[in-house]
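A structural walkthrough
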Amino acid sequence: MAPKSLLVLAFTLTFCGGAIALAQVVPEGARITDVRISGTGCDAAQASVTLSPDLKDMSVFFDNYVVEVGEGSRNPNQLRVQRDCKVKIQLEVPDGWQMAFKGADYRGFVALSAQGTAFHRFSIHQEGAPMVSMKEANLTGPRNEDYYVRSEIKPERVTWSRCLNGLVNVDLISHLGVALNPRSSDRSLAMIALDSSDTSFKQSLSVDWRRCNVSRPDDRPRPPGPIRPGPREPRPRDPRPPRFGGR
């Protein structure tokens, strides 16, 4: 016969396993089925997207996504350049789930003189939800190094998708820009780049999941309407007999 302590342990493990199953916080089998890119900064760029095994992290890898101005650049006569690259992701998700993005990690490489600035941000659009713009990463020179910035959405501003059903599209729009001070004669190269040849440059987005609310609007209690008066009671008749003629 097994010791009592072992039986209690076995029961505890079984109960906890059941509780974990009931408290499932991610769907089973969610996967990326297609990735396409478009935009002013994607002519020579490529992108790939992966989901972590726990479905809590979406990583975007770019190749040859570069924005630059100044001497030695592809835009030597410009003082400011901005580019965008939209990554359209098709997800396959089991019925009955909603997803939300709650933060992003920006990673890349920047080369700026003292007169140069750069920015990097993400906008996210899910089907059935308004577009969400993440906080911008603003970078100033002089610097010539890798950079990392964390951007988080306040809990009250987290936007949930519609209730997912099969295939769903998510658009991730990355924005990069560089500029030189127009009041300075310094036209040294200003560049910002995302290139997954160094895997640390991946753009990571934190993903949250929840079950859809299955209650319908008609199921919600309705507020009481205005109080209306009931039917009027008939007025009592005059008991005196009617008068005819004179007094």
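Calculation notes
- Residues numbered from 1 in each chain as written.
- Predicted model: local features only at pLDDT ≥ 70, side-chain atom pairs only at ≥ 80, totals over all residues.
- Heavy atoms only, no water.
- Helix = DSSP H or I, 4+ residues; strand = E, 2+ residues; numbered from the N terminus.
- Buried < 20%, exposed > 50% of the residue type's maximum accessible area, 1.4 Å probe, protein only.

A closer look at unusual backbone geometry
Cis rather than trans, the peptide bond between Gly 141 and Pro 142 has omega equal to 0°. Mapping Pro 142 onto the fold places it in the loop between β8 (137–140) and β9 (143–152). Phi is positive for Leu 55, close to 65°, though the residue is something other than glycine. By the secondary structure assignment, Leu 55 is in the loop between β2 (46–51) and β3 (57–63). Leu 55 sits in the buried class, given a relative accessible area of 6%. Non-glycine residue Asn 64 carries a positive phi angle of around 60°. Here Asn 64 shows up in the loop between β3 and β4 (65–69). For Asn 64, a relative accessible area of 40% translates into the label partly exposed.

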